[in-house]
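Given next are the chains, with one letter for each unit.
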Amino acid sequence: MKLRSHARADASLNERLATSGFRFTRQRRRVYDVILQKRDHPTVEEVFLRAKQTMPDISMATVYNCLDALVKCGLIRHVNLDRAATRYCPNMKEHSHFYCDECGGVYDVDFAAGNHRAGLKVPEGFQVKQFDVSIRGVCRDCARRKK
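All of these numbers come straight from a predicted model, not from anything done at the bench. (Residues numbered from 1 in each chain as written. Predicted model: local features only at pLDDT ≥ 70, side-chain atom pairs only at ≥ 80, totals over all residues. Heavy atoms only, no water.)

Asker: Whenever I open this one, the environment of Ala84 confuses me. Can you help?
Answerer: Inspection of the secondary structure puts Ala84 in the loop between strand 1 (77-79) and strand 2 (87-89). Since its relative accessible area comes to 39%, Ala84 is described here as partly exposed. Along the primary structure Ala84 and Gly104 are separated by 20 residues, whereas in three dimensions their C-alpha atoms are 9.9 Å apart. (Helix = DSSP H or I, 4+ residues; strand = E, 2+ residues; numbered from the N terminus. Buried < 20%, exposed > 50% of the residue type's maximum accessible area, 1.4 Å probe, protein only.)

In structure tokens form, the structure reads like this:
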């Protein structure tokens, strides 16, 4: 990343953290970069191992705290699939997740614009703020291997 765009990204992250009552740290920057670099919905352990490659002194507790701050700031979200470890997703648009039962991969699935709530029947008077949908099956690569 060029120096100017890196500084702009830091300023944007700093602003988002500050408006939520958090301060900018290099550890939070590193953890956020890890999640943005490879959008594969990593677990805490995966984030920790990736962050440690360029920041060897980072601890697991720091990674947990950074992820918590980023979730509270609305920069990332939790992805919970059954009894599996929590994963993290930087895609803040309304979408669902597809979980491959073969390889364990998690993939974003976008809703068709305007139609994502058509089949959702919410009791009268309820106000939906967010909803989570997960889909299970076999991804394209695993399906090809099975043939």
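We are not done yet, so read on.
Asker: Honestly, the layout of surface pockets in this entry has me stumped. Any pointers?
Answerer: Rolled over the atoms, a probe sized like a water molecule indicates the empty space that remains. Within this model, the largest pocket holds a volume of roughly 160 Å³. What lines the largest pocket is simply Arg77, His78, Val79, Asn80, Leu81, His95, Ser96, His97, Gln130, Asp132, Val133 and Ser134. At the level of elements, strand 1 and strand 3 (95-100) are the ones that each hand at least two residues to the lining of the largest pocket. Looking at side-chain class alone, the lining of the largest pocket contains three nonpolar, seven polar and two charged residues. (1 Å grid on protein atoms, 1.4 Å probe; cavity = no way out; pocket = protein on both sides within 12 Å on 5 of 7 lines; lining within 4 Å. Points joined across faces, edges and corners; volume = space filled by probe spheres on them. Nonpolar A, V, L, I, M, F, W, Y, C, P; charged D, E, K, R; others polar.)

Asker: Honestly, a nonpolar patch on the surface in this entry has me stumped. Any pointers?
Answerer: On the surface, Val122, Phe126 and Val128 cluster together into a nonpolar patch covering about 270 Å² of accessible area. Following the sequence through the fold, Phe126 ends up in the loop between strand 4 (106-110) and strand 5 (134-137). (Patch = residues over 30% accessible without salt bridge, like charges linked within 9 Å, V, L, I, M, F, W, Y side chains within 5 Å. Areas by Shrake-Rupley, 256 points an atom, 1.4 Å probe, with all protein chains shown as cover. Salt bridge = Lys/Arg side-chain N within 4 Å of Asp/Glu carboxyl O.)

Asker: Sorry, what's going on with the pattern of salt bridges here?
Answerer: Where charged atoms from two side chains of opposite charge approach closely, those side chains can pair. Under the defined criterion, the tally for this structure stands at nine salt bridges. Here Asp57 ties to Arg26 by a salt bridge, and the two come within 3.8 Å at their closest N and O atoms. Highlighted residues: Asp57 in the loop between helix 3 (44-54) and helix 4 (60-72) and Arg26 in helix 2 (residues 26-37), separated in sequence by 31 residues. On the basis of relative accessible area, Asp57 is assigned to the exposed category, the value being 58%. A salt bridge links Asp101 to Arg136; the nearest nitrogen and oxygen atoms lie 2.7 Å apart. Of the two residues, Asp101 sits in the loop between strand 3 and strand 4 while Arg136 sits in strand 5, which places them 35 residues apart along the sequence. Classification of Asp101 by relative accessible area gives partly exposed; the value is 41%.

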